[in-house]
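Coordinates in review
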Amino acid sequence: GQSLEQPSEVTAVEGAIVQINCTYQTSGFYGLSWYQQHDGGAPTFLSYNGLDGLEETGRFSSFLSRSDSYGYLLLQELQMKDSASYFCAVRDRSHQAGTALIFGKGTTLSVSS
Amino acid sequence: DVKVTQSSRYLVKRTGEKVFLECVQDMDHENMFWYRQDPGLGLRLIYFSYDVKMKEKGDIPEGYSVSREKKERFSLILESASTNQTSMYLCASRTEDGLFGGTEAFFGQGTRLTVV
């Protein structure tokens, strides 16, 4: 089966940089995704890493190390609107050739002024 | 604008009732999913479908069934609702892009179901 571990909560101040880690155990690996969910909202896609290295999208970057079964989401120049839950997710090989996405339990990020 | 629409935002049902949660997507996606979200447990996969009439159990299928008669519509059925099925239910869809595809999943706004 699959398991993903990420911290349950992270706090930071506006303008700071925060890193949310995710370690995973999977029977087959097809890449790591990140999703953001604001209170009362739907999860929305942030990034995907299929290969090792850093992917940058504006203030957000995501990193993957397949040899370490580890990835992280880096949020820079934090703003109050970044307060949300962040989920890492992997494709699940045990279901229909990796069709399904399996999510971690989520990290709640609180940004204060 | 791509859209996944869930039929109800809030629903209150009685124990033992049969409950239908409907989800429609307008993106012609092959794959559709039902998750439930509970505090501290993240999103847990109940069932998913990779084609019309095709379905597969997720991690927590007990007490649920699904139906996909048309490509755009995926229904979650609670055969006999119980209080432990009180939760937020999220539908999602995603195109089929191969094993290493990183195409995003699109989520509906969720249905908050309360079973009393």
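My aim in this report is to walk through the structure given alongside it, one point at a time. (Residues numbered from 1 in each chain as written. Chains lettered and ligands numbered in written order. Predicted model: local features only at pLDDT ≥ 70, side-chain atom pairs only at ≥ 80, totals over all residues. Heavy atoms only, no water.)

**Topic: the pairing of strand 6 (residues 54-57) of chain B**
Residues and elements named next belong to chain B. Just so we agree on the cut-off: Strands were regarded as paired on the criterion that DSSP finds at least two bridges between them. Per the convention used, a helix needs a DSSP run of H or I reaching at least four residues, while a strand needs a run of E reaching at least two, with both numbered from the N terminus.
One ladder, built from three bridges, connects strand 5 (residues 42-51) with strand 6; its direction is antiparallel. Looking at the pairing, Asp51 lines up with Met54 of strand 6. Connecting strand 5 to the next strand, strand 6, in antiparallel fashion are two residues, including Lys53 with a positive phi near 65°.

**Re the interface of chain B and chain A**
The criterion, for reference: Only heavy atoms matter for contacts: two residues are in contact if any of them lie within 4.5 Å across the pair. Values labelled buried area give the accessible surface lost by two parts on being combined, using a 1.4 Å probe and summing over both. Only one rule defines a salt bridge in this text: a Lys or Arg side-chain nitrogen within 4 Å of an Asp or Glu carboxyl oxygen.
With 30 residues of chain B at the contact, the number on the chain A side is 23 residues. When the two sides are added together, the surface that chain B and chain A hide from each other amounts to roughly 2200 Å², 56% of it contributed by carbon and sulfur. For the pair chain B and chain A, the number of links is zero salt bridges. Every element with two or more residues in the side of chain B that touches chain A is listed here: strand 4 (31-38), strand 5, strand 6 and strand 9 (87-94) of chain B. No other element matches strand 5 of chain B, which puts five residues into the side of chain B that touches chain A.

**Digging into the sheet that holds strand 8 (residues 70-75) of chain A**
Residue and element names in this part refer to chain A. How we decide: Axis geometry follows a simple rule: fit a line to the C-alpha atoms, using only the stretch in contact for helices, then measure angles between N-to-C directions, giving values from 0 to 180 degrees.
Taking strand neighbours across the sheet as the criterion, the five strands line up as 1-3-8-7-6 in an open arrangement whose pairing is antiparallel. The open sheet terminates on both sides in strands that have one partner only, identified here as strand 1 (3-5) and strand 6 (53-57). The average angle at which neighbouring strand axes cross in this sheet is 20°, direction not considered. For strand 3 (residues 18-25) and strand 8, the ladder comprises six bridges, and the chain directions are antiparallel. Among the inter-strand pairings, Asn21 is bridged to a residue of strand 8, identified as Tyr72.

Nothing here speaks to function; it is geometry throughout.
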